[in-house]
Amino acid sequence: MQLSIIILNYNVRYFLELCLKSVSEAISTLDAEIIVVDNNSSDDSCEMVKQLFPDVNLIENKLNSGFSKGNNIGVSHAKGKYVCILNPDTVVPEDAFSQLIEFAENQTNLGIVGCRLIDGTGKYLPESKRNIPKPRVAFKKLLGNPNDYYANQLEEHDIGKAPIFVGAFMLLKKTVYEQINGFDEDYFMYGEDIDLSYKILKAGYDNYYYGKTTVIHFKGESTLKDAKYAQRFYGAMQIFYKKHFKSNLAFNIVVWLGIKAAYLIRTNPKADNTTSKHLVLLSNKIPEYLQKKIEKPIELRGDLENVKPNTEIIFDTDMLAFKSIIAHIDAFSSISNTTFKILIAQSNFVLGSNSSKTRGEVIVC
C-alpha cells in the first residue's frame, strides 16, 4: 500500500465530513487507506463515519488521550509505505497526495514533507514552514518578533528544505516515523509537531517544504486561540527545551519569564462580527433548504467575474472540484471583506471560517 492517512478527530463532526470527502477524492487513483482515530467525541462523529464512509478504518478511543497518543495509535494500524498526519479541519485538493508522493519518491534522504497551508479566508499560514525554535528565536517570538521563527528563507510557493512543520499536515515514510518512535506522548497537545520534526532532523533526515500544493486548514476548529491555549502551548515548549537543549539556571529563568509574559498578555479571541451584505452561490441551482435557512437573497452564479467587496461566496462541491474551490479562495482572498463557505454535496450543511483564531460557522439546514 502506498499511503495511510491518519486523521485524529475530537468533536468536529461537520469539518471531519468535509475533510473525508476531499481526502476520498484525493486517493481515488492511489493504493491508500484512511484511518480516523476518534478521541471519545461527544458529538455524532463516529456515527457519521460509519454511515457515510464505511471503508474508513475507524478507531474509537474510550478516552481523550491527546494528539500524540491518538496519532501513534493510528500509525500503529497503518499499512502504507507513507503516512500522512492530517487534521480533521482541513480540505485537500484532488492531486495533493499524488504530487507529494511523486516528490517524495525522488528524494534520497527524506524526512517530512509539508505543504502550503491557508486558512478559511485564504490567508497564508506562516507556520506551514518553521525554523528550529532555539531559545533565542523562541524568546524573540514570545516578545512579538516572529521573523526568525518562521522559515522565511523560502517563499510560500517555493520547494526546498525547511526544518519544522505543523501537525495539521505531515507526510513521511512509516519507517522513519517508527524509527524515531513517533510523537512523544509527554505532549498532550501542542509542541509535539515541533518535537517530531526536530527528532527527524537529529536522526539525519531532510525535511522538505512543497509550496506547489495548497491545503485549507480552518485551524480555529482544532486550536482555539485563547488563554488556555497559551498555557498549554508554552507549557509544551518547556518540555521541548528540557528535552533538546542544554539547561542552565539563567536560561530557565528567561524561558519561564517569557512564557508567563506571553500568557498574561494574551487575550481571549474576539467573536467574529463579520457581516456580508451580498451572498453569491457558485452552483447550478439554489437548494430550497438553503434558501429557507439563510433567508437572505442568494445570487446564483456560474462564475466569479466582478466580485464586489463585502460578499460571501458559497462554493457547491457538486459543481466544483476541491482543487478549484481552494484556488478560488486563494485568488479572491484579497478582496475586502470577502468571506467563503462550502456547500457539501448531498449533505445538509454549509461551513466556513472567517478567522483562524475563532471557531468557524456551520449552518445545518
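Residues numbered from 1 in each chain as written. Predicted model: local features only at pLDDT ≥ 70, side-chain atom pairs only at ≥ 80, totals over all residues. Heavy atoms only, no water.

Glancing now at the pattern of salt bridges. Applying the stated criterion across every chain, the model contains 19 salt bridges. Note that arginine 13 and glutamate 17 form a salt bridge whose closest N and O atoms lie 2.6 Å from each other. Linking arginine 13 with glutamate 17, this pair stays in helix α1 (residues 13–26), spanning four residues, or about one helical turn. Grouping residues by exposure puts arginine 13 and glutamate 17 together as buried. Here the salt bridges share partners, and the residues they tie into one network are Arg13, Glu17, Lys21 and Asp44. (Salt bridge = Lys/Arg side-chain N within 4 Å of Asp/Glu carboxyl O. Helix = DSSP H or I, 4+ residues; strand = E, 2+ residues; numbered from the N terminus. Buried < 20%, exposed > 50% of the residue type's maximum accessible area, 1.4 Å probe, protein only.)

All right, on to the sheet that holds strand β11 (residues 298–301) then. Taken in spatial order, the six strands make up an open sheet running β11-β10-β12-β13-β14-β15, and their pairing is mixed. Both outer strands of the open sheet, β11 and β15 (361–364), are each paired with one neighbouring strand and no more. Averaged over all pairs of adjacent strands, the angle between their axes in this sheet comes to 25°, without regard to strand direction. In this sheet, β15 lies alongside strand β14 (residues 349–352) in antiparallel orientation, the contact comprising four bridges. (Pairing = 2+ DSSP bridges. Axes fitted to C-alpha atoms, helices over the stretch in contact; angles between N-to-C directions.)

Attention now goes to the packing of aromatic side chains. Overall, the coordinates contain nine aromatic pairs when judged by the stated rule. Arranged with centres 5.1 Å apart and planes meeting at 70°, the rings of phenylalanine 15 and phenylalanine 218 form a pair that is edge-to-face. In this pair, phenylalanine 15 is assigned in helix α1 and phenylalanine 218 in the loop between β9 (206–217) and α8 (227–244), connecting sequence segments 203 residues apart. A single burial state applies to phenylalanine 15 and to phenylalanine 218, both of which are buried. Relative to tyrosine 210, the ring of phenylalanine 103 has its centre 5.1 Å away and its plane inclined at 55°; by these criteria the two rings are tilted. Of this pair, phenylalanine 103 sits in helix α4 (residues 96–105) while tyrosine 210 sits in strand β9, placing them 107 residues apart in sequence. For the pair phenylalanine 103 and tyrosine 210, one class covers both residues: buried. The ring of tyrosine 209 carries the charged tip of lysine 129 above its face, separated from the ring centre by 5.6 Å. (Phe/Tyr/Trp six-rings, centres within 6.5 Å; stacked < 30°, edge-to-face > 60°. Lys NZ or Arg CZ within 6 Å of the ring centre and 35° of its normal.)

Per the stated rule, a full pass over the model turns up zero disulfides. As a non-bridged cysteine, cysteine 19 has cysteine 84 as the owner of its nearest cysteine sulfur, 9.2 Å distant. Here cysteine 19 falls in the buried class, since its relative accessible area comes to 0%. (Disulfide = S-S within 2.5 Å.)

Let us look at α1. Each turn of an α-helix holds 3.6 residues, which means side chains three or four residues apart point in the same direction. Taking 1.5 Å as the rise per residue, α1 with 14 residues should run 20 Å; its terminal C-alpha atoms sit 20 Å apart, in good agreement. When you tally the buried positions in α1, you get eleven out of 14 residues, the bulk of the element. When α1 is considered as a whole, its buried residues turn out to be Arg13, Phe15, Leu16, Glu17, Leu18, Cys19, Leu20, Lys21, Ser22, Val23 and Ala26. (Expected span 1.5 Å × (residues − 1).)

Take the pairing of strand β3 (residues 57–60) next. With four bridges joining them, strand β2 (residues 32–38) and β3 adopt parallel strand pairing. The residue of β3 that forms the bridge with valine 36 is leucine 58.

One can find lysine 129 in the loop between β6 (110–118) and α5 (135–142). As a buried residue without a salt bridge, lysine 129 has its nearest oppositely charged side chain in glutamate 155, at a separation of 6.8 Å. From its side chain, lysine 129 meets the backbone oxygen of alanine 151 in a polar contact 2.9 Å long. Separated by 2.7 Å, the side chain of lysine 129 and the backbone oxygen of leucine 154 make a polar contact. Setting aside chain neighbours within four positions, we find lysine 129 in contact with Tyr124, Tyr150, Ala151, Asn152, Leu154, Glu155, Glu156, Ala162, Ile164, Phe165 and Tyr209. (Lys, Arg positive; Asp, Glu negative; His and termini not counted. Polar contact = N/O pair within 3.5 Å; in protein donor to acceptor, adjacent residues only side chain to side chain. Contact = heavy atoms within 4.5 Å.)

Working note: a packed helix pair is described by the angle between its axes plus the distance between those axes. Direction vectors running N to C along α1 and helix α2 (residues 45–52) enclose 30°, while the axes themselves pass 9 Å from each other. One way to sum up the angle between α1 and α2 is to call them roughly parallel. Relative to α2, α1 is oriented so that their crossing is right-handed. Contact residues: α1 offers Arg13, Leu16, Glu17 and Leu20, while α2 offers Ser45, Met48, Val49 and Leu52. (Parallel < 35°, antiparallel > 145°, perpendicular 65-115°, else oblique. Left-handed = near helix turned anticlockwise from the far one by under 90°.)

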